[in-house]
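# Breakdown of the fold
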Amino acid sequence: VCNESFDIIGLAGTIEMDKISNTGSLTYENGEIIDDLPVGVYRAYADGKLQYTSKEFLRIVGYDSFMQIHNLKLSDFYLNKFESIANIKNKETNSFEVQLLKSNGSIVWIKQTERIESTGLNDKNFIIGVIEDISEQKAKEDKLVNSENALRELNRSKDKLFSIISHDLRSPINQFVEATELLL
């Protein structure tokens, strides 16, 4: 499901885990493979423990298989630990940008969109969401901010230079005007 900007805000259809191979692969009930999506898809229990993930999710966090992370919680990946589930209410979509710590120790910026869903069985809830790697976008934003700061500093220097030049030009001109008035 997409919004007007074509950002993925949710997935429609029943998602089932590939239980035969234990790969953690996800498929829709109609057979479409969601591993081909350009975003990482996950489903977690209400406490944040991962139930399954797409291949793109694994790539973003730096793992090769779901079995390497099946005992982890979503919060285990966050660079600055916080519980995202505390920020969302039932069926309310929550979207935020956060830094994740990859398996190799490097940091990746992601945009995470998630919401709590109910299984309908014993009112048990789970979290379904998507993550998108926005590291390149964040790097460009940082570069833009740095360029803006450099431009502001150049403008301050320019203003100071013009102020000095203006003052230096005013003094000789004032002396010339005074000398001319004395001659008249």
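All of these numbers come straight from a predicted model, not from anything done at the bench.

Next up on the list: the pairing of strand β7 (residues 125–133). For strand β3 (residues 40–45) and β7, the ladder comprises six bridges, and the chain directions are antiparallel. The residue bridging Gly40 from the neighbouring strand is Ile131, located in β7. Summarising the sheet, strand β6 (residues 107–118) and β7 pair through nine bridges and their orientation is antiparallel. In the sheet register, Thr113 faces β7, and the bridge partner there is Val130.

Here we take up the packing of aromatic side chains. Here the structure, examined in full by the defined rule, presents three aromatic pairs. Summarising the aromatic geometry, the rings of Tyr42 and Phe57 are spaced 5.7 Å apart at their centres and angled 55° between planes, so their arrangement reads as tilted. With a gap of 15 residues between them, Tyr42 in strand β3 and Phe57 in helix α1 (residues 55–61) connect regions that are remote in the sequence. The class for Tyr42 is buried, based on a relative accessible area of 0%. Consider the rings of Phe57 and Phe77, whose centres lie 6.0 Å apart with planes at 85°: the pair is edge-to-face.

Basis of the calculations
Residues numbered from 1 in each chain as written. Predicted model: local features only at pLDDT ≥ 70, side-chain atom pairs only at ≥ 80, totals over all residues. Heavy atoms only, no water. Pairing = 2+ DSSP bridges. Helix = DSSP H or I, 4+ residues; strand = E, 2+ residues; numbered from the N terminus. Phe/Tyr/Trp six-rings, centres within 6.5 Å; stacked < 30°, edge-to-face > 60°. Buried < 20%, exposed > 50% of the residue type's maximum accessible area, 1.4 Å probe, protein only.

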